[in-house]
Amino acid sequence: PSVFNTPPQVSAAPAGMKTSLQAWWDMEEATGAARNDSHGTNHLSDIGINDCTQETGRVNNGCGFANAPPASSPILSVIDNAALSMGAGVDCSIVFWQYNTTIPTGFKSLIDKSISGSIDEYTTFLEVAGASARYWFYVQGTCGPSASVVANTFGAPSTGTWYFVVCIHDATANQIKISVNNGAFDTTVHSLDIADGTGSLQFNRRAVSNVSFDGRMDSAGIWKKVLSATEISYLYNSGNGRQYSEL
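Computed from a predicted model, the values in this text were never measured in an experiment.

Draft legend 1. Spotlight on unusual backbone geometry. For Asn 182, which is not glycine, the phi torsion reads 60° and is therefore positive. Position of Asn 182 relative to the elements: it lies in the loop between strand E12 (175-180) and strand E13 (186-189). For Asn 182, a relative accessible area of 31% translates into the label partly exposed. The phi dihedral of Asn 204 falls on the positive side, at around 70°, and the residue is not glycine. Within the fold, Asn 204 resides in the loop between strand E14 (201-203) and strand E15 (215-223). We classify Asn 204 as buried; its relative accessible area is 0%.

Draft legend 2. Summary view of the environment of Thr 101. Looking at the element boundaries, Thr 101 is found in the loop between strand E6 (92-100) and strand E7 (106-114). Distance from Thr 101 to Ser 158, taken between C-alpha atoms, is 8.8 Å for residues 57 residues apart in sequence.

Draft legend 3. Just the side chain of Lys 177, in detail. Its place among the elements puts Lys 177 in strand E12. Asp 170 is the oppositely charged side chain nearest to the buried, salt-bridge-free Lys 177, at an N-O distance of 5.0 Å. Setting aside anything within four residues of it in sequence, one finds Lys 177 in contact with Phe 137, Val 149, Val 166, Cys 167, Ile 168, Phe 185, Asp 186 and Thr 187.

Draft legend 4. Highlighting the environment of Pro 14. In this fold, Pro 14 is placed in the segment before strand E1 (21-25). Residue contacts for Pro 14: discarding those within four places in its chain leaves Thr 230, Glu 231 and Tyr 234.

Draft legend 5. Summary view of the side chain of Ser 85. Its location among the elements puts Ser 85 in the loop between strand E5 (76-78) and E6. Side chain to side chain, Ser 85 and Asp 80 meet in a polar contact 2.7 Å long.

Draft legend 6. Quick look at the packing of aromatic side chains. Evaluation of the coordinates by the stated rule reveals 11 aromatic pairs. Plain terms: the ring middles of Trp 24 and Trp 223 are 6.0 Å apart, the flat faces sit at 80° to each other, and that makes the pair edge-to-face. Residue Trp 24 is found in strand E1, and its partner Trp 223 is found in strand E15; the two are separated by 199 residues along the sequence. Like Trp 24, the residue Trp 223 is buried in the burial classification. For the pair Phe 65 and Phe 213, a centre-to-centre distance of 5.3 Å together with 40° between the ring planes defines the contact as tilted. Taken together, the positions of Phe 65 in strand E4 (residues 61-65) and Phe 213 in the loop between E14 and E15 put the pair 148 residues apart, joining distant regions of the chain.

Draft legend 7. Just the sheet that holds strand E8 (residues 120-129), in detail. One open sheet accounts for 7 strands, arranged E2-E5-E14-E7-E8-E9-E10; its pairing is antiparallel. Looking at the sheet topology across the chains shown, the edges are occupied by strand E2 (45-46) and strand E10 (146-150). Bridge count for E2 against E5 is 2 bridges, and the pairing is antiparallel. Following the sheet pairing, Asp 46 is matched in E5 by Leu 76.

Draft legend 8. Spotlight on the pattern of salt bridges. Under the criterion given, the structure shown has 4 salt bridges. Between Asp 80 and Lys 113 there is a salt bridge, with the nearest N and O atoms lying 2.6 Å from each other. Pair noted here: Asp 80 is in the loop between E5 and E6 and Lys 113 is in strand E7, with a separation of 33 residues, a long-range link. Measuring nitrogen to oxygen at the nearest pair gives 2.8 Å for the salt bridge that ties Lys 225 to Glu 231. Taken individually, Lys 225 and Glu 231 each receive the classification buried, so the pair is uniform in this respect. One salt-bridge network, held together by shared partners, links Asp 80, Lys 113 and Glu 121.

Draft legend 9. Broad picture of helix H1 (residues 229-236). Considered for burial, the residues of H1 that qualify are Glu 231, Ile 232, Tyr 234, Leu 235 and Tyr 236. Buried-residue contacts for H1 involve E1, E6, strand E11 (162-170) and E15. Just past H1, the residue Asn 237 takes up positive phi, approximately 55°.

Parameters at a glance
Residues numbered from 1 in each chain as written. Predicted model: local features only at pLDDT ≥ 70, side-chain atom pairs only at ≥ 80, totals over all residues. Heavy atoms only, no water. Helix = DSSP H or I, 4+ residues; strand = E, 2+ residues; numbered from the N terminus. Buried < 20%, exposed > 50% of the residue type's maximum accessible area, 1.4 Å probe, protein only. Lys, Arg positive; Asp, Glu negative; His and termini not counted. Salt bridge = Lys/Arg side-chain N within 4 Å of Asp/Glu carboxyl O. Contact = heavy atoms within 4.5 Å. Polar contact = N/O pair within 3.5 Å; in protein donor to acceptor, adjacent residues only side chain to side chain. Phe/Tyr/Trp six-rings, centres within 6.5 Å; stacked < 30°, edge-to-face > 60°. Pairing = 2+ DSSP bridges.

Structure, rendered in structure tokens:
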């Protein structure tokens, strides 16, 4: 049987909430099953040696990723396509809920689109150095140079708690930025857009360093626009999150 948290009654979505939406994953499916894209056809295949599990999510069910050696990590993946690739002049917003069962030391990939030894398009990850853990957003520009931004304003996540992470590339303002739990953004200048490569989009794996986290993810989406403060607040829903049916 499924296990879930029941979300509260909610107000209507802001006008245009689905405008430029490329993919949305509710993460409701059973252990070992593909995680379906509720908006399009970017269904995530479960390709790891160990299956991604069905766990209690932020909204209803979520997807569990147990920390494991690289060769046996649970991985969700979809091949490269135009909806998930960025390129010159393209805005993007990546949102997801993430929960840590434990927080092992080191680099822990969350959502990544890259090719080993070649192009790192965009990556969201959790990095633990010493006593401090932080969420990061990293992009590689169309001409090669990369940039990253760290959620220092929010600070360190804990175990046993859901966090709502928003990563944005604003091609007009030449910025990348990151926010946690509908808080203030940390911002870095980046004027070289995001490279358009051919790497697969993967959850819990980075092509150049296969290092898994130990926890869960839920309600993830990718837009080719800069989400407004109103849209972000709506998605956060006072910490209760949203599903695709509410967008």
